Amino acid sequence: MIKKGNLYYPTKEFKKQAWANSPSVYKEANKNPKRFWADLAGELVWFKKWKKVFEHNPPYFKWFVGGKINITYNIFERNLEQRKNKVALIWEPEPLEERPRILTYYQLYKEVNKFANVLKKLGVKKGDRVGIYLPMIPEVIIAMLACARIGAIHSVVFSAFSPQALKVRLQDTEAKILITADGYWRRGKVIPLKNNADKGIKDTKVRKVVVVRRIGNKIDFKKGRDFWWHELMENQPEYCRPAVMDAEDTLFILYTSGSTGKPKGCVHVCGGYTVQALWTGKLIFDWKDTDIFWSTSDMGWVTGHTYSCYSPLLNGVTFVIFEGAPDWPSADRWAQIIDKYGVTVFYTAPTAIRMFAKYGREILKGHKFETLRLLGSVGEPIDEAAWQWYFREIGKKRCPIVDTWWQTETGGILITSLPGIGPFRPAYTGIPFPGTRFEIFDEKGKPTKAGQEGALVLLPPFVPSLLRGVYKNPKKYLSTYWSEYGKKVYFTSDAAVKDKNGLIRIVGRLDDVIKIAGHRLTTGELEAAINLCPSISECAVVGVPDKIKGEVPVVFVVLKKKIPDLKKTVVAQVLKEIGPIALPKEVYQVEDLPKTRSGKIMRRILRRLFTGEKLGDLSTLANPESVKKIKKIVKKMK
Ligand code: PRX
């Protein structure tokens, strides 16, 4: 890249070959966003063309009204003629001695069709919800696409989530069928996924469980309820007619943390999501037929859905998925994978980048990263040090870095400078995608000036892939996204600031979401989990900065009854209710939590007590004496 002041620009060579290489794309798109998106949508195959591009009935809206489509038809039938025997998917298992699995577009097409027929045979119909609790193996993609083929709605649950977290999600979707596996590898250990699934489906409507044999570990198998994937697939026809879906029919539900402990099911639809998935991947990752793409996200997150499944497949790209941890069995496993497959575009989270950097130079020895041409970052703010390390050590100052901002709710990337245009600035996510109208508002809803922090909002006509609702919870949809600045302004819950070039930097969340290693959790959800412990009377969770993970939770508890090993108990409780991603860094027993006179816990003060920052105004507290006592406890334990 070329550096000019504090900005970076792509080289002439990169620019020349890029899909988007002239700022005129912004001018054109922003003149008429609806026309821009309609033109992009025109690249897909629609069974029936839409009558109206956009319809707004605040806080609800529709895109491509009356259009009929199927995303799998656009992945397969639209691509097969050109790419029948091109590799679609490379699966890298965790054990080094195990062989990878490679599926071409045609092979994947047949597997998807066969499994679509299996689902039909099991009684799944258009509009039914299907739970998917699978690790990173090809079957997770096959299962999702098979649902989409027949118009069933998939709801993928992260395989490291606890049985309890699975249960809550299954109860909300009322899925009657769950697809899981016997187990999977994680850091050299077998994770007994089927055991977890058995516990998770209790008290749900799940009556049929399809089990992929990944490991061959011993599992309970209940006749009449449990079915082996491979047995069901035997002798299935290799074609299943794609369901004709309305543009506004639901494609999938993906849960994200809610503040009360109950997760919110983000609803994504067939038409708009397909358009966004196709085009964001193409323009942001600049995919060509020769590219090998690897996104390290798990399928349980939206990044997995869009960029380890739908987007590369719609674009006919070859991509890698990996079962294991990026630093297992050696710290450079991720670099080995880049070498092994000649990855050209690599997409990961700042937490991973900071972890790689911490391992030190040693792990980079023997890796030249010559095949890489573009890097991406996602999920949390990337600090300047991590950006520079990524740019220098992995990208060798050659590769542009697309720092992509988006959310589970947005379905696709919405802010990042395009790699063939730029400019890029470390720690700044960049410029909104063409045709996308972002503003940074002050408290009164007025756009802020450059350099002034405010709330990041998205203005009409929004984007085709923005969520259409919170599953079965219209109140939550309205209060979370459409209340802060009225029903016509989508509130992202992020604070942001613009520089004089229009580049946006994300400052952090304005709500109680914390990002632990890029994973989204709310302090409320952690508190609800911990409060289930019978000896705990109440607790407060705060996110504190962490050098590698960005943020980690710290817990303050008030006890009803003494607990011998408090930290162990709280950790076990979080493991049981949520899973290993949310483990607290520290647990403090306190007599009282600082509260306002109306009884609200002042988490801001607790966080500052931990970090040692100035406490600020304490006059609104009902119990200021609690602060001194907590200060002492924190000091003693540090
Ligand atoms: O706070 C922003 C942060 O992650 C939130 C969305 O989290 P989630 O729904 O889990 O989706 C993550 C993957 C798309 C945002 O509200 N975030 C996401 N990307 C970035 C980011 N913060 C800073 N820079 C980013 N590139």
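Draft legend 1. Structural detail: helix 18 (residues 566–577). The first and last C-alpha atoms of helix 18 sit 17 Å apart over 12 residues, in line with the 16 Å expected at 1.5 Å per residue. Residues of helix 18 that are buried: Leu566, Val570, Val571, Gln573, Val574 and Glu577. Buried positions in helix 18, seen along its axis, are confined to an arc of 160° and lie on one side of it. The exposed set on the far side of helix 18, more than 90 degrees from its buried face, consists of Lys568 and Lys576. Turning to helix 18, the residues buried within the fold contact helix 8 (163–173), helix 17 (523–531), strand 30 (536–546), strand 31 (550–559) and strand 32 (586–589).

Draft legend 2. How the structure looks around the layout of surface pockets. When its volume is computed, the second largest pocket comes out at roughly 280 Å³. Contributing to the lining of the second largest pocket are 16 residues, with Asn79, Arg83, Lys282, Leu314 and Asn315 lying nearest its centre. At the level of elements, helix 5 (77–83) and helix 11 (270–284) are the ones that each hand at least two residues to the lining of the second largest pocket. Sort the elements by how many residues they give to the lining of the second largest pocket and helix 5 lands first, with four residues.

Draft legend 3. Fine view of the pairing of strand 4 (residues 60–65). Inspection of the sheet shows strand 3 (residues 52–57) paired to strand 4 by five bridges, in the antiparallel sense. Note that in strand 4 the partner of Phe54 across the bridge is Trp63. Here strand 3 folds back onto strand 4, and the loop between the two strands holds two residues.

Draft legend 4. Summary view of the site of the ligand. Around the ligand, the surrounding shell holds 17 residues, and the nearest of these are Thr404, Thr408, Asp494, Arg509 and Arg520. One nitrogen or oxygen atom from the main chain of Gly379 is found 3.2 Å from a nitrogen atom belonging to the ligand. Residue Asp494 places a side-chain N or O atom 2.7 Å away from an oxygen atom belonging to the ligand. Protein contact buries 96% of the 540 Å² of open area that the ligand shows by itself. Counting only elements with at least two residues in the shell around the ligand, the list comes to helix 12 (302–314), strand 22 (401–404) and strand 27 (504–509). Looking at the shell around the ligand, its residues break down into six nonpolar, five polar and six charged.

Draft legend 5. Structural detail: the sheet that holds strand 21 (residues 374–378). Read across the sheet, seven strands follow the order 7-6-19-18-20-21-22 without closing on themselves; strand pairing throughout is mixed. Either end of the sheet is taken by a strand with one partner, and the two such strands are strand 7 (101–104) and strand 22. Between one strand axis and the next, the sheet turns by 15° as a mean value, whatever way the strands run. Its contacts with the sheet place helix 14 (residues 350–359) against strand 20 (345–348) and strand 21, and it is angled at close to 100° to strand 20.

Draft legend 6. Molecular detail of the environment of Gly430. Along the polypeptide, Gly430 turns up in the loop between strand 22 and strand 23 (438–441). For Gly430, a relative accessible area of 2% translates into the label buried. Along the backbone, Gly430 and Gln82 are 348 residues apart, and their C-alpha atoms lie at a distance of 34 Å.

Draft legend 7. Fine view of unusual backbone geometry. Here the bond from Trp328 into Pro329 is cis, since omega is 0°, no more than 30 degrees from zero. Tracing the chain through its elements places Pro329 in the loop between strand 19 (318–322) and helix 13 (333–341). The peptide bond linking Pro460 to Pro461 adopts the cis configuration, its omega dihedral lying at 5°. Relative to the helices and strands, Pro461 resides in the loop between strand 24 (454–458) and strand 25 (469–470). Here the phi dihedral of Asp203 falls at roughly 60°; this positive angle occurs in a residue that is not glycine. With respect to the helices and strands, the residue Asp203 is situated in the loop between helix 9 (193–200) and strand 13 (208–212). Since its relative accessible area comes to 63%, Asp203 is described here as exposed. Even without being a glycine, Asp286 presents a positive backbone phi close to 55°.

Analysis parameters
- Residues numbered from 1 in each chain as written.
- Predicted model: local features only at pLDDT ≥ 70, side-chain atom pairs only at ≥ 80, totals over all residues.
- Heavy atoms only, no water.
- Helix = DSSP H or I, 4+ residues; strand = E, 2+ residues; numbered from the N terminus.
- Expected span 1.5 Å × (residues − 1).
- Buried < 20%, exposed > 50% of the residue type's maximum accessible area, 1.4 Å probe, protein only.
- Arc of directions from axis to C-beta.
- Contact = heavy atoms within 4.5 Å.
- 1 Å grid on protein atoms, 1.4 Å probe; cavity = no way out; pocket = protein on both sides within 12 Å on 5 of 7 lines; lining within 4 Å.
- Points joined across faces, edges and corners; volume = space filled by probe spheres on them.
- Pairing = 2+ DSSP bridges.
- Near = heavy atom within 4 Å.
- Polar contact = N/O pair within 3.5 Å; in protein donor to acceptor, adjacent residues only side chain to side chain.
- Areas by Shrake-Rupley, 256 points an atom, 1.4 Å probe, with all protein chains shown as cover.
- Nonpolar A, V, L, I, M, F, W, Y, C, P; charged D, E, K, R; others polar.
- Axes fitted to C-alpha atoms, helices over the stretch in contact; angles between N-to-C directions.

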